[in-house]
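Residue-level structure breakdown
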Amino acid sequence: MKSFRLLALGAVSTVAMLAIVSTASAQSIKDVPRERTLVQMGWSQGAPTLKTPRNANYYNLAGEYRNGHMHHFEPLFFFNNFTGEVIPWLAESFEMSEDNTSVTVHLRDGAKWSDGEAFDAEDVAFTYNMLLENGRGTGDMRKSVEVATQVDSVEVIDPLTVKVNLAGPDPRYPFRQLINYFGHGLVWVPEHIWKDVEDPATFTWYDEEKGWPIGTGAWKAVSAAPEQIILDRRDDWWGAEAGFRDLPAVERIVSIPASDNTRMAELMINNEADATMSMSSPALVERALAQNEALTTFTGNEPPLGNMDWWPHALYFNHAIEDSPFQDKRVREAVRFAIDRQQIIDFAWDGANTPNPWPYPAYAPLVKYMEASEDIVEKHRAAEHNLDETARLMEEAGYEMSDDGLWEKEGECVGGPIETHQNLAGIGQIIVQQLINAGFCAEFSQTPESFDKFRNGESVWHIFGHNGGSVFDPVDTLRMYTTPNVMPIGTSTMFVARWSHPEIDRLVAEMQTIPPENFDEILPLFREAMDIWFGEVVEVPIEQAYHLVPMNTTYWTNWPSEDNPYTPPCISCFISGWGSYLPHNLVPAQS
Amino acid sequence: MGCGGFGDGEPMRILKRLGLLALVIWLAASLNFVLPRLTDRNPIEEVIAQAMGESGGTMQGIDQIVAAYEARFGMDQPLWKQYFYSIWDALRFDLGISISFFPEKVSTLVLEALPWSMALLGTATLFSFIIGTALGAATVWPTAPRFLTWFVPLVMVLAAIPFYLIGLLLIVIFSNWLNWLPSGGGYSPGTIPGYSWSFAWEIFLHSLMPAASILLASIGLWALSMRGMMVTVQGEDYMVLAKAKGLKSWRRFWRYAVRNAITPQITTLVLAFGNIVTGAVLVERIFGYPGLGNLLYQAILVVDFYLIFGCVYLLILTIGISLTILDLIYPLIDPRIRAQTYG
């Protein structure tokens, strides 16, 4: 009996070992020293495994190429959100037509796919036409409906020139689909392979035997499993051959699941990883820095220990719920006066954040708009914490303070669960307590269903960021508050205020026809729109958003920082594949 | 009935048991189909909203895309049709396509995660069963070494602590303080999987703490239940007879006491194997272990009907088939059951 048990035990373990190895890799892989290997964390939504490791199709809706596959691909242009600089890559330049109805892109000579075929205008046109066809039909590919809405047709002028004819005048178009940053930009596919793909929506674009995916990037996957994706540098990368850039020093990229905050910190402390995904706890980042002197952040060891992201956080009201007490503007304003932003930042961030009454991040191109409109914030007292004003407004709205310290009308208090995005739980609890102290029956709610609830409009109020907002001029954030972007309850949206105003519709329509660099023309329209927005107390902006990304200098230096802000440090945060720019700039710490 | 053989009623008993197994699998599979659909969340919308929202898009055409994917997954069909297709596919072991990992097959995902869970939890469960049962039996055996009784309070304390808390404690001690063991994952980042001793060692090192947390938390449960059974068994007439016959202590211990006391333990062991699929969700989460528990957790987060069905269906089959086999071989393990069954 004893020997039988041991035999069974051995059998189970051996079978498991064989199965693990057989699922992990199918080819032999060369040795690369640790000091030439970049271990980064790929998007895994908190799981200890990478999502869809054998799917490199960016356009597949469940595909997640931030797991590491993004390093196969390159955009026409990168963008530096800190400086506003457009960084040409596969293309050299673009120009808008005078009437802003088309854009002509000039591709870089010498760019090649990893199988040696030239990357040219036919590939760009093919990608566009594939998305146009899908977007006008089933629409089941990422970005296809967006492309079909914004683009009319694409013309190949010559092998290095392609003209994109737009559906209407749009001077911002290049920043939506030609330049890759945050969530914007397209990923190009090789026509010579994809033309034979029967269903591009379900195509996985990964086959080690066929050498797929074929990309133009400097790295190529040699192994992909849920535990890690390994990409080795292609010494025949076109960029070096064409004299565009030197071959990157990073010889191997190992992309591992980001898993959770604690695991990220442990891997960094033990020098097992070189860069994390964005972490949600400043205290944890601080402790990790204290335990490993080789770790740094965008702001070094100084607060806020990270870089500003594009989605400032806010307390939202759901304007689509008709019988909500928040339909009364006085109640919304009372809530705004009840919020003490500085206290939230002191408690949740140890002071390492910035109070923000605006729905905009403080990026240089946007700051000038906000600075020129400070009087509007003051006029509406939008940054003020004043509980006396809260009381006055609630009484004016017909509420009375109950013995329980709650504002009530006909026995009903004002509030309910505040559904909170998982990354914002820290500020959520403080906001809720401030609201309770001010007489609102707020409850903190952060469950796996919270995100769905407020995306679907089932929550009365909620805490979230401004996903898809402005980066270089104020239009994109204001578009969130236009009628076409207000979804009915039950339809999922990231624009969770579900509020619009006819005047803002008009102003945004006008602003969209003005090129983004025309500050003087946009400013008066912006001021008019923000006067309405603050006056209507659409939401309560709270603070800036920061990406807290520890980076390890044991093996690599020249990480992005405040002094050298060439790109955001979070390699795998952005669906545009923006992060693939970073490894090109790393310098080995050890010779 | 001949000694060691089966009676005339045996084929009918086997048929009945197999029929019962089919009924249990059908009922459980039906529940498995219905329960995730009770939520008002739509997994396709979840995946699409996530994909579109992260791309900074303006959510254009979301209804159109949802409709296209619902058609792909047959979710535009009436529920009864979906049910029959689901059960028919399950009978053929076709678990369908995952929504959240589209277009990956559920069976591929499950088979990829299963070896990790088998290696970790199969081994840990077997080890804790063997050690716990032996320890529980020995602590009440009169001629066993006295020091064994010291373990009783220790394992009782450990049994009262959830294994994920023990896991956290182990990480702090052995990974953070002593830096002896890796804090998580299946193997170290950058390790190339292969049929080598070094890779086997990697897997072993990474499984040590998660396995130890399960072991430490469950040894006590095995030991306590075995201890109770051994106390009962020692008062039986056959034990007195064995002693009167002058049989050696070890022979009375293993052949008379343990063999009679162990039967309920084996039933529990079979049920414990169900945990290989689901019970280790927390351990796998804490140690970042890429097993089935993690896969099921991810499926539940986005209500991926097909992936949930696949993971839970595996659990149903594992437990159902194991219990049926156990039921059929019980008469071989315990002669008393054979006597009751066949008279």
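Scroll up a little and you will see the structure.
Conventions adopted
Residues numbered from 1 in each chain as written. Chains lettered and ligands numbered in written order. Predicted model: local features only at pLDDT ≥ 70, side-chain atom pairs only at ≥ 80, totals over all residues. Helix = DSSP H or I, 4+ residues; strand = E, 2+ residues; numbered from the N terminus. Buried ≥ 20, exposed ≤ 12 C-beta atoms within 10 Å, placed from the backbone. Contact = placed C-beta atoms within 7 Å. Axes fitted to C-alpha atoms, helices over the stretch in contact; angles between N-to-C directions. Left-handed = near helix turned anticlockwise from the far one by under 90°. Nonpolar A, V, L, I, M, F, W, Y, C, P; charged D, E, K, R; others polar. Pairing = 2+ DSSP bridges. Arc of directions from axis to C-beta. Core = buried A, V, L, I, M, F, W, Y, C linked by C-beta atoms within 7 Å.

When you go through chain B residue by residue, the secondary structure sums to 15 helices and zero strands. Per-residue burial over chain B gives 43% buried out of 343 residues. For chain B, contacts bridging at least 24 residues in sequence account for 74% of all contacts bridging at least 6.

What follows concerns the packing of helix α5 (residues 106-139) of chain B against helix α8 (residues 197-234) of chain B. Residue and element names in this part refer to chain B. One way to put it is that α5 packs onto α8 with a least axis distance of 6 Å and a crossing angle of 35°. The element α5 and its partner α8 pack so that their crossing is right-handed. Residue classes in the contact of α5 with α8 are distributed as 20 nonpolar, nine polar and one charged.

Attention now goes to the sheet that holds strand β7 (residues 161-166) of chain A. Residues and elements named next belong to chain A. Across the sheet, four strands lie side by side as β4-β5-β7-β6; this open sheet has antiparallel pairing. Sheet topology places β4 (91-96) and β6 (151-158) at the edges, where each strand pairs with a single neighbour. Direction aside, the axes of adjacent strands within the sheet are offset by 20° on average. Inspection of the sheet shows β4 paired to strand β5 (residues 102-107) by five bridges, in the antiparallel sense. Bridged to Ser93 within β5 is His106.

Glancing now at the interface of chain B and chain A. In many reports, interface size means the accessible area that the parts give up when they come together. Facing 58 residues of chain B, the contacting portion of chain A comprises 59 residues. Within the residue set of the side of chain B that touches chain A, elements represented by two or more residues are α2 (43-54), α3 (62-72), α5, α8 and α13 (292-301) of chain B. When residues of the side of chain B that touches chain A are assigned to their parent elements, the largest contribution, nine residues, is made by α5 of chain B. Class assignment for the residues of the side of chain B that touches chain A results in 28 nonpolar, 22 polar and eight charged.

Residue and element names in this part refer to chain A. Those residues of helix α10 (residues 341-349) that fall on the buried side of the exposure criterion are Arg341, Ile344, Ile345, Ala348 and Trp349. The buried residues of α10 occupy an angular sector of 95° when the element is viewed end-on, so they sit on one face. On its buried face, α10 is in contact with α8 (282-291), α14 (425-437) and β21 (539-543). Once α10 finishes, Asp350 follows within two positions and takes phi at roughly 50°, a positive value.

Core analysis: the largest hydrophobic core is formed by 248 residues, its most contacted members being Phe77, Leu315 and Ile431 of chain A together with Val110 and Cys311 of chain B. If you tally residues by element for this core, the top one is α5 of chain B, at 15 residues. Leave out the neighbours within four places in its chain, and Leu315 of chain A touches Ile339, Ile431, Trp461, Ile463, Glu539, Val540 and Ile542 of chain A.

Take unusual backbone geometry next. Residues and elements named next belong to chain A. Omega for the bond connecting Trp212 with Pro213 falls within 30 degrees of zero, at 5°, which places this linkage in the cis form. Tracing the backbone through its elements, the reader meets Pro213 in the loop between α5 (191-194) and β9 (219-225). In this model, Thr52 sits at a positive phi of 40°, which is unusual for a non-glycine residue. Looking at where Thr52 falls in the secondary structure, it is placed in the loop between β1 (37-42) and β2 (77-80). Classification of Thr52 by C-beta neighbours within 10 Å gives buried; the count is 25.

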